Amino acid sequence: MKKFIPGILMLLGSFSVLAQTPSTREMDRINWMEFSEFVPEKINTVLLPTGTLEPHGVVNNGADNTAPFAMAKEIADELNALIAPTLNYGITGSMAAYPGAFQISEEAYAPFIRDILKGLAKNGFKNIIILNGHGGGQTAVLHKVAGDVANELGIRTLVINWWTYASDVTMEVFKEDGGHAGLNETAYIQAIDPTLVHKERYNSNQATAYPKDKAWAAVPFPSSIGLYQEGQGYPNFDQTQAEEYFQKVNAKILKLIQDTIQKWDLAGL
């Protein structure tokens, strides 16, 4: 009988570990009873991907949604976080006129995202991490609303524009700057799902560099690829670089979140 005891203990240990891990990290896939067993006692962090629908050169219109959701799935386990359903519609701005794009007004978006954050807080999450996939006016709205809700409810919020925070990774991997639907964003999507990248449709004339110092403004923006610097950031469709970039971006975002939560805890906030 004694020779079976270690095996039994290992089996019980495995069951214990499984009991500490939910069957899924996605809030729209978890059962309500299981949710109550984990939140907030065992899980108090949630990742909220936000994006929009707009043109992205030769990748999918929903790239701003695809990227933060894939990022959330990659880092959720290490953060012991759940993933809220992606907010797929956003404040698209100067590319709203392109086919398949959607524009949600700030007047509609701001109270909606506020109610989402309040709902996440009501459900017991202390740390609400917004993984934002779309810039422009949406960023300012997210910053303000997240800050207001944090102060009002005594929770902790973090808004991350992943491509901006990981701009050093873009330079490290590609040795040049990127752009909207440019080298970096196209690579990130390519690493997630190469079938979303339509290289055969690519033409370098589809790209325009953003004006420096707001020297000019065109609506709609004349290209679906916007370069951060003149002559840099054109997609190269290199799968090896794409996968390297994907992993390094995710690691940098993960560390930011971990460090922020650790410092919140250290400060007793």
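Right above here is the structure, for reference.
Positions within a chain are numbered from 1, following the residues in the order the chain's sequence is written. The predicted nature of this model means local features are confined to residues of pLDDT at least 70 and side-chain atom pairs, given and counted, to a pLDDT of 80 or more, with totals for whole chains, interfaces and linings taken over all residues. To obtain the side-chain values, all non-hydrogen atoms of the structure were used and water was disregarded.

A. Inspection of the sheet that holds strand β4 (residues 156-161) at higher detail. Strand order in this open sheet of 4 strands is β2-β1-β3-β4, and the pairing throughout is parallel. At either end of the open sheet lies a strand with only one pairing partner, and these are β2 (81-83) and β4. Averaged over all pairs of adjacent strands, the angle between strand axes in this sheet comes to 20 degrees, irrespective of strand direction. Pairing between strand β1 (residues 45-50) and strand β3 (residues 127-132): 6 bridges, direction parallel. Pairing of Thr45 across the sheet is with Asn127, part of β3. At least two bridges found by DSSP between two strands is the condition for calling them paired. The secondary structure listing takes helices from DSSP runs of H or I that are at least 4 residues long and strands from runs of E that are at least 2 residues long, numbered from the N terminus. Here the axes come from fitting lines to C-alpha atoms, over the contacting stretch only for helices, and the angles between their N-to-C directions go from 0 to 180 degrees.

B. Geometry of helix α4 (residues 106-122). Residue count minus one, scaled by 1.5 Å, sets the expected span of a helix. Helix length check: α4, at 17 residues, gives a terminal C-alpha distance of 24 Å against a target of 24 Å (1.5 Å per residue), a fit within 8%. Three exposure classes are used, based on accessible area relative to the maximum for each residue type with a 1.4 Å probe and protein chains only: buried under 20%, partly exposed in between, and exposed over 50%. Within α4, the full set of buried residues consists of Tyr109, Ala110, Ile113, Leu117, Leu120 and Ala121. Axial view of α4: buried residues confined to an arc of 105 degrees, hence all on one face. In α4, those exposed residues whose orientation departs by more than 90 degrees from the buried face are Glu107, Asp115 and Lys122. Should any heavy atoms of two residues lie within 4.5 Å, those residues are considered in contact. Taken together, the buried residues of α4 touch β1, β3 and α5 (137-153). In the stretch just after α4, Gly124 is the one whose phi turns positive, near 110 degrees. When we speak of the arc, we mean the arc of directions from the helix axis to the C-beta atoms.

C. Summary view of the pairing of β3. Across the 6 residues of β3, 6 count as buried, placing the element largely inside the fold. Residues of β3 alternate between two faces, with Asn127, Ile129 and Leu131 on one and Ile128, Ile130 and Asn132 on the opposite face, all of them buried. The sheet contact formed by β3 and β4 spans 6 bridges and is parallel. Bridge pairing in β4 places Leu131 opposite Ile160.

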